[in-house]
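Fold and geometry: a report
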Amino acid sequence: NLNLVLQITETQRRCVLCLNFISEAERKGIRVNTERLSELLNIPVIPIEAHGKRDAMRILSYITEHKDGEYPPPVAPTYPEPIERALEIICASMPERYIKNRLARWLSLRLLDAEGDFLTELTEDFTDSERAMLLSAKADASGLLLSLGISESEIGDIIVESIVSAAEQISK
């Protein structure tokens, strides 16, 4: 599912996509250009059959051989300009430990769309001052979106539509 792949690439510096059931897809006349998919996602793509020990060994071998290399970041979805601006506001308040490991953008997306118990869960690992800064940034970002005609109830739909649209573009 490319939607899930794009969400994962948004949070991880390095990924390997293992395409399972590739022989079944080929039997059904579905051809996947793994080289092109790798270029589009900016990550390695390895066709596999999950039940095969040989493929498991191939994956482990690939990871072992490439674990220490420097790689460009994988492709991540882009969102409409108002959402990107709102994300910048929240990311600017994100503690450094989240910026270093690529979680800042993903967490900002979740915060932008979160409310109630989920918002509390997302912020439970922050100090009181970090939480206050993030909640203030969330309020500022939500205010910006509201001033642009985007209500809080629409944010989640816009994010999902953007991910689905990006996946559709890649799959063409």
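Details of the structure are given in the entry above.
Because the structure is a prediction, the values reported are computed rather than measured. Counting from 1, residues in each chain are numbered in the order their sequence is written. With the structure being a predicted model, the display of local features is reserved for residues of pLDDT at least 70 and the display and counting of side-chain atom pairs for 80 or more, all residues being used for whole-chain, interface and lining totals. Side-chain calculation: all heavy atoms of the structure are included, whereas hydrogens and water are not.

**Side note on the environment of Leu148**
Stated precisely, the cut-off is as follows: Comment: elements are numbered from the N terminus, with helices defined as DSSP H or I runs of at least four residues and strands as E runs of at least two. Only protein chains enter the accessibility calculation, which uses a 1.4 Å probe; a residue whose area is less than 20% of its type maximum is buried, one above 50% is exposed, and one in between is partly exposed. We call two residues in contact when some of their heavy atoms are within 4.5 Å.
Structurally, Leu148 can be placed in the loop between helix H9 (128-147) and helix H10 (152-171). Overall, the relative accessible area of 41% leaves Leu148 in the partly exposed class. Setting aside anything within four residues of it in sequence, one finds Leu148 in contact with Pro82 and Arg85.

**Observations concerning the nonpolar core**
Burial of nonpolar side chains together is a common tendency in soluble globular proteins. The criterion, for reference: Residues belong to a common nonpolar core when they are buried Ala, Val, Leu, Ile, Met, Phe, Trp, Tyr or Cys residues joined through side-chain atoms within 4.5 Å.
Ranked by size, the top nonpolar core spans 38 residues in total, and within it Leu41, Met94 and Leu112 carry the most contacts. At the level of elements, helix H1 (2-11), strand E1 (17-19), helix H3 (34-41), helix H5 (81-91), helix H7 (103-113), helix H8 (116-122), H9 and H10 are the ones that each hand at least two residues to this core. Residues within four places of Leu41 in sequence aside, it is in contact with Leu2, Val5, Leu6, Leu17, Pro74, Val75 and Ile170.

**Some points on the packing of aromatic side chains**
Aromatic ring pairs are reported here in terms of the distance separating the ring centres and the angle at which the planes meet. How we decide: For this analysis, a ring pair means two rings from Phe, Tyr or Trp (six-membered ring only for Trp) whose centres lie within 6.5 Å, classed as stacked if their planes differ by under 30 degrees, edge-to-face if by over 60, and tilted for the remaining angles.
Following the criterion strictly, the structure yields one aromatic pair and no others. Between Tyr98 and Phe126, the aromatic rings sit 5.0 Å apart at their centres with planes inclined by 45°, giving tilted as the arrangement. Separated by 28 residues along the polypeptide, Tyr98 in helix H6 (residues 96-100) and Phe126 in the loop between H8 and H9 bring together distant segments of the chain. By the burial criterion, Tyr98 is buried, and Phe126 matches it.

**Here's the deal with the pattern of salt bridges**
Rules: Salt bridges are defined by distance alone: a side-chain nitrogen of Lys or Arg within 4 Å of a carboxyl oxygen of Asp or Glu.
Tallied over the entire structure, the rule returns seven salt bridges. Lys28 serves as the salt-bridge partner of Glu24, at 3.8 Å between the closest nitrogen and oxygen. Taking relative accessible area as the criterion, Lys28 reaches 61% and is therefore assigned exposed. In this structure, Asp128 and Arg131 form a salt bridge, with 2.9 Å as the shortest nitrogen-oxygen distance. Taken together, the residues Asp128 and Arg131, both in helix H9 and three residues apart, mark about one turn of the helix. For Asp128, a relative accessible area of 61% gives the class exposed. Each of the salt bridges in this network shares a partner with another, and the network as a whole consists of Glu10, Glu84 and Arg105.

**Describing the packing of H1 against H10**
Put simply, the rule is: The axes used here are C-alpha line fits, helices contributing only the stretch in contact, and every angle between their N-to-C directions lies in the interval 0 to 180 degrees. In these notes the angle categories are as follows: under 35 degrees is roughly parallel, over 145 is roughly antiparallel, 65 to 115 is roughly perpendicular, and the rest is oblique. Two helices that cross are described as forming a left-handed crossing if the nearer one is turned anticlockwise from the farther one by less than a right angle, and a right-handed crossing if clockwise. Three residue categories are used. Nonpolar comprises Ala, Val, Leu, Ile, Met, Phe, Trp, Tyr, Cys and Pro, charged comprises Asp, Glu, Lys and Arg, and polar comprises the others, including Gly.
As a packed pair, H1 and H10 sit with axes 9 Å apart at the nearest point and diverge in direction by 110°. Compared by their axis directions, H1 and H10 come out roughly perpendicular. Crossing angle aside, the handedness with which H1 passes H10 is right-handed. Here Leu2, Asn3, Leu6 and Gln7 of H1 lie close against H10, whose contacting residues are Ile163, Val164, Ala166, Ala167, Ile170 and Ser171. A per-class count over the contact of H1 with H10 returns seven nonpolar, three polar and no charged.

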